[in-house]
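What follows is each chain in one-letter form.
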Amino acid sequence: MKTETDVCEETPTMDEDQVNSVIQRWRDTPEEDLKPEDYEQFRSLGSACLAENGAARILRFIEDEKNQQLMVSMGHTLVAPLVNEVVKKEKCPHHCQAALTHLTRICRPDELLHSLLQIIQDVHPTVISETIITVVPLFQTVLLELEERRAASVGLVLSALLDQLVRLPVPHTEQQEVDDEFGLCHCCEVLAQFVKCLTEDVKRKDDDDEMRAELLQFCLRTLRELLLEAELKQDRKLSPLWLFATEIMFYCPTLQATLVVVKASVSELLFYGSLRKSQCKESRACLAYLLFVQLITVDSFPAVFSPVFVLQCNMEYISQLLSSKKESHLLKGLALCAKSLENVQDNRLPVSLLELPTFYSAPQNLRRILTDCPMQHLRKSALHVFQLFIDKLDVEAKHKFFRCMLKTSSHAGVEGYIVKNIRNQVEFSMEPANGNKWFLGEEFLWLLALVLCVPQAAETDLLNSMDRIMESLNLLRYLVIRDKEPWSKTGVWAELCRIKDEYLKMLRVCIGLSRGYYSAELNALREDQKLKAREARDAARCGRLVSGMTVKHEKVSNMSPEVQRQVLQSALVTFDLMESLIFRIDEITAENLKIPT
Amino acid sequence: MATEPAREWSDEQLKSDDLPKKDIIKFIQDNAAHSFLNEHKLLGNIKNVAKTAKKEQLIVAYSQLFESKRFKGTEPVEEVTEQVKQVKIEDKPKEAKTEVVYEGPPKYTKSVLKKGDKTNFPKKGETVSCWYTGTLEDGTVFDTNIPAAARKKKQTKPLSFKIGLGRVIRGWDEAILTMSKGEHARLEIESDWAYGKKGLPDSKIPPNAKLIFELELVAVD
């Protein structure tokens, strides 16, 4: 492949006459006889000319009547150099733009398309947005001229553009959007116009299903690869990203229509979509978020669906978003979940819903965020949504959910939180109007047995399980204060007491063991400190260096002795706390026995 | 019962030519019991009675009415029968009886605006399609799927969904099961069977809002 330098070497300095004679030769040659070298030489002449501030000359050359036939054959080779000139912005771009416009009118569309696609596919990372902005209007003209395979070409073009666009960083703050340092916002504006033009065209022609499909694919890709990463806020309604999202939301229903000229609805896309392929789930999740949380096009969404049904449909998207590890996805998933739940009345969701896979995976994802996510604001938000979910379940569903969580979470914090909810639910159930068998009858015993278990028996790490144990003891204290009366109808009090007594017995054993261990640790630490102090005094007296430290225990810690001491002390305090609660429970139980029933 | 009517005309006045027959007939028809009118052959259209009855007869009847006091309402049973005969059977569309499904009385009412084919009733789980407009009690339209321009209706689809599965508000789920294909009805749904205490603020439905729909059932699966 000859490069510009090669040609220059061949014709080191082509003077005006030589250039003219070459050009005349080309004018006289029939197109089929032109060789690849001719095209290449033409291109390099053009580049060289542009390099020497010759944009005006190029324009004149292109517009010259004499050269029209030449332009038809070879003009498309000038597209790349001209676009590069425009992108560089160093010299005046007007001539180049005019030249490009002229070329798009006279050259063959398929050749132009090829040239433009090449430009975009080979674009340098630093000039992505400038290049996109320059080539999109050109693509628009060219594509509208294409007679055959237009739909497939549109698909290629949009795909290529988007491939480059998603390499640009997405602005997060309002200031970043305004600054638009990398040009993403400007590109979105330009692309929106482009797609709008193509969509209008499609709306006029009823039968172009292929084109509709290509445009729809573009929209879906935009949703999952671009908009899902963006932070869209309702108060930034004039931001280019917001406007772009709105445009995409408008196009999707139009484009989803198939054979019959019929405008499908967003509800169909989301709830009944024939686009059930997995790659589309993220796109639809983004769509659901934009619709329900950002309220884009919500006025055309039917206000007749039941909130429970909407939640059910959205749960798929919520689960999808919450399974991601990206902050932008998690934020959207949490917002969509909160929004969908808020519209449902409390105590409404039936236990049958929990059978659905998405109603299992979404709360599990929430739990995972609670326990593993490093970002505090996300954990906080997830906790809020977790509680909201619990509140919407009906009594039987709550019972099942609590059992499930206690079995699967393996995290004392989460378990403690669940136990607190159980206590609240028991309290609620004790009110005369709210009586139910799930928290006041035999069914409750199952749950209680799960709560009041000490899985590793005597080897339980009480400190690790502290949250859970404290909440469990609180629950027990509540139960014994209320005594047997609320349970009289269901006759489970005796069994309840048995479970309680076994638990407390085991706990006492654990506390005893743990306390013994930690006390021993603390004493050893004190002894060690005393020893070191004595040695230091001796050394100071004799002026000798103390060589090495004797390590007395197995546990080698990075903590200073003082911190170690504090840790051990606080552990002992914790055991005291637990024990005092147990003592209190025993006290109340004893009092109850004294009072005649 | 009605108080006795006043005896307006004196004998002289009655005999006078200034007093037309039909006035007397009207008076007697208005105030006399049905049986009295029957006996005196004063039933029916005033013009016809005026043709057949002589003035002397009317004067006599007038006097006898006040003497016998057989005014309207003095013979209750036959009055009611008379009233019943006079009542026309109206063709107003009645409010359809709504089916009572578990949990107490239905919380919606339906008025049929246009009858359906009365054969194709949707069953639970089937897909139905409808055009609808939803308004609040104050008349605000909060939702419709009927495009404003008539020509656009060809390009738009009616809303399709499965009925009876809790996918739509309960008022719709229950009411549409009572509709047949082609039926056009007006539904008034109480908030409990619509969006309840929460409403749907994003769609401009306030809390505890009663919703009114005009719904046309276009297709049943």
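Everything numeric in this text was worked out from a predicted model, so none of it was measured.

**As for the overall build of chain B**
Step number 1: Check the secondary structure of chain B and you find seven helices and six strands.
Step number 2: In chain B, the succession of helices and strands from N to C terminus is α-α-α-α-α-α-β-β-β-β-α-β-β.
Step number 3: Per-residue burial over chain B gives 38% buried out of 221 residues.
Step number 4: Within chain B, residue pairs in contact and separated by at least 24 positions form 69% of the contacts whose partners lie at least 6 positions apart.
Step number 5: Counting every atom, chain B has about 13,600 Å² of accessible surface; 52% of that belongs to carbon and sulfur.

**Examining the overall build of chain A**
Step number 1: Scanning chain A for helices and strands turns up 27 helices and zero strands.
Step number 2: For 597 residues, the compact-globule formula gives about 25 Å, and the C-alpha radius of gyration of chain A, at 37 Å, lies well above that figure.
Step number 3: The principal-axis extents of the C-alpha atoms in chain A amount to approximately 120 × 85 × 35 Å.
Step number 4: Here chain A holds 597 residues, and the buried ones make up 50% of them.
Step number 5: The contacts of chain A with a sequence gap of at least 6 include a subset with a gap of at least 24, amounting to 73%.

**Notes on the interface of chain A and chain B**
Step number 1: At the junction of the two partners, chain A supplies 22 residues and chain B supplies 23 residues.
Step number 2: The contact between chain A and chain B buries some 1,900 Å² in all, and 54% of this surface belongs to carbon and sulfur atoms.
Step number 3: Considering only the side of chain A, the residues that lose the most area to chain B are A:Ala303, A:Val304 and A:Gln345, jointly responsible for 30% of the buried surface there.
Step number 4: Put simply, chain A and chain B have one salt bridge between them.
Step number 5: Between A:Lys339 and B:Asp202 there is a salt bridge, with its nearest N and O atoms 2.5 Å apart.

**Focus: the pairing of strand S2 (residues 127–136) of chain B**
Along any regular strand the residues' side chains alternate between the sheet's two faces.
Residues and elements named next belong to chain B.
Step number 1: With eight of its ten residues buried, S2 lies for the most part within the structure.
Step number 2: Two strands pair when backbone bridges link them, and S2 and strand S4 (residues 159–162) are joined in this way by four bridges, in the antiparallel orientation. The residue bridging Val128 from the neighbouring strand is Phe161, located in S4.
Step number 3: Inspection of the sheet shows S2 paired to strand S6 (residues 211–220) by nine bridges, in the antiparallel sense. Residue pairing for S6: Gly134 is matched across the bridge by Phe213.
Step number 4: Connecting S2 to the next strand, strand S3 (residues 141–144), in antiparallel fashion are four residues, including Gly139 with a positive phi near 100°.

**Structural notes on the environment of A:Leu504**
Residue and element names in this part refer to chain A.
Step number 1: Within the secondary structure layout, Leu504 lies in helix H26 (residues 493–542).
Step number 2: Residues Leu504 and Asn592 lie 88 residues apart in sequence; the distance between their C-alpha atoms is 18 Å.
Step number 3: Beyond its immediate stretch of four places on either side in the chain, Leu504 contacts Leu473, Leu476, Ile582, Ile585 and Asp586.

**Here we look at the nonpolar core**
Step number 1: Formed by 221 residues in total, the largest nonpolar core has its most connected members in A:Ile422 and B:Trp172.
Step number 2: At twelve residues, H26(A) tops the list of elements feeding residues into this core.
Step number 3: When residues no more than four places from it in sequence are discounted, the contact partners of B:Trp172 are A:Val304, B:Cys130, B:Tyr132, B:Leu159, B:Phe161, B:Ile163, B:Leu187, B:Ile189, B:Phe213 and B:Leu215.
Step number 4: Counting residues in hydrophobic clusters, the runner-up holds 21 residues, among them B:Leu19, B:Ile25, B:Ala32 and B:Phe71.

**As for unusual backbone geometry**
Step number 1: The phi angle at A:Asp180 is positive, at roughly 45°, despite the residue not being glycine.
Step number 2: Its location among the elements puts A:Asp180 in the loop between helix H11 (174–179) and helix H12 (184–204).
Step number 3: Positive phi, close to 60°, is recorded for B:Lys118, a residue that is not glycine.

**Structural notes on the packing of aromatic side chains**
Step number 1: Here the structure, examined in full by the defined rule, presents 26 aromatic pairs over all chains.
Step number 2: Ring centres of A:Phe444 and A:Trp487 lie 5.4 Å apart, and the angle between their planes is 35°; this geometry places the pair in the tilted category. Here the residue A:Phe444 occupies a position in helix H24 (residues 442–451), and A:Trp487 occupies one in the loop between helix H25 (466–482) and H26, the gap between them amounting to 43 residues. The burial state of A:Phe444 is the same as that of A:Trp487; both residues are buried.
Step number 3: Ring plane angle 70° and centroid distance 5.6 Å describe the contact between B:Phe66 and B:Phe71, whose orientation is recorded as edge-to-face.
Step number 4: For B:Phe71, a relative accessible area of 7% corresponds to the buried category.
Step number 5: Counting every residue linked through ring pairs, the aromatic cluster contains A:Phe359, A:Phe386, A:Phe389, A:Phe401 and A:Tyr417.
Step number 6: The ring centre of A:Tyr289 lies 5.5 Å from the NZ or CZ of A:Lys332, which sits over that ring.

**With respect to the confidence of the model for chain A**
All names here are of chain A.
Step number 1: Taken residue by residue, chain A gives an average pLDDT of 86. The fraction at 70 or more is 90%.
Step number 2: For chain A, the element scoring lowest by mean pLDDT is helix H1 (residues 4–10), at 39; helix H20 (residues 376–392) scores highest, at 97.
Step number 3: Note on residues 1–12: pLDDT under 50 across the span, and ten contacts to partners over four residues away in sequence or across chains.
Step number 4: In the model, residues 258–263 has pLDDT below 50 throughout and makes 13 contacts with residues more than four positions away in sequence or in other chains.

**Quick word on the pairing of strand S5 (residues 184–189) of chain B**
Residues and elements named next belong to chain B.
Step number 1: Burial along S5 is one-sided: Ala185, Leu187 and Ile189 are buried, while His184, Arg186 and Glu188, pointing the other way, are not.
Step number 2: Note: strand S1 (residues 108–114) against S5, six bridges, orientation antiparallel. Bridge pairing in S5 links Thr109 to Glu188.
Step number 3: Here S5 runs beside S6; their pairing, made up of six bridges, is antiparallel.

**So, the packing of helix H6 (residues 79–88) of chain A against helix H7 (residues 93–106) of chain A**
All names here are of chain A.
Step number 1: Running from N to C, H6 and H7 point in directions that differ by 150°, and their axes come no closer than 9 Å. Here H6 is positioned roughly antiparallel relative to H7, judged by the angle of their axes. Relative to H7, H6 is oriented so that their crossing is left-handed. Residue-level inspection shows Val79, Leu82, Val83, Glu85 and Val86 of H6 in contact with H7, the latter providing Pro93, Cys96, Gln97, Ala99, Leu100 and Leu103.
Step number 2: Counted by class, the contact of H6 with H7 contains nine nonpolar, one polar and one charged residues.

What counts and how
- Residues numbered from 1 in each chain as written.
- Chains lettered and ligands numbered in written order.
- Predicted model: local features only at pLDDT ≥ 70, side-chain atom pairs only at ≥ 80, totals over all residues.
- Heavy atoms only, no water.
- Helix = DSSP H or I, 4+ residues; strand = E, 2+ residues; numbered from the N terminus.
- Buried < 20%, exposed > 50% of the residue type's maximum accessible area, 1.4 Å probe, protein only.
- Contact = heavy atoms within 4.5 Å.
- Areas by Shrake-Rupley, 256 points an atom, 1.4 Å probe, with all protein chains shown as cover.
- Rg over C-alpha atoms; globule rule 2.2 N^0.38 Å.
- Buried area = accessible area lost by both parts, 1.4 Å probe.
- Salt bridge = Lys/Arg side-chain N within 4 Å of Asp/Glu carboxyl O.
- Pairing = 2+ DSSP bridges.
- Core = buried A, V, L, I, M, F, W, Y, C linked by side-chain atoms within 4.5 Å.
- Phe/Tyr/Trp six-rings, centres within 6.5 Å; stacked < 30°, edge-to-face > 60°.
- Lys NZ or Arg CZ within 6 Å of the ring centre and 35° of its normal.
- pLDDT = per-residue confidence, 0-100.
- Axes fitted to C-alpha atoms, helices over the stretch in contact; angles between N-to-C directions.
- Parallel < 35°, antiparallel > 145°, perpendicular 65-115°, else oblique.
- Left-handed = near helix turned anticlockwise from the far one by under 90°.
- Nonpolar A, V, L, I, M, F, W, Y, C, P; charged D, E, K, R; others polar.

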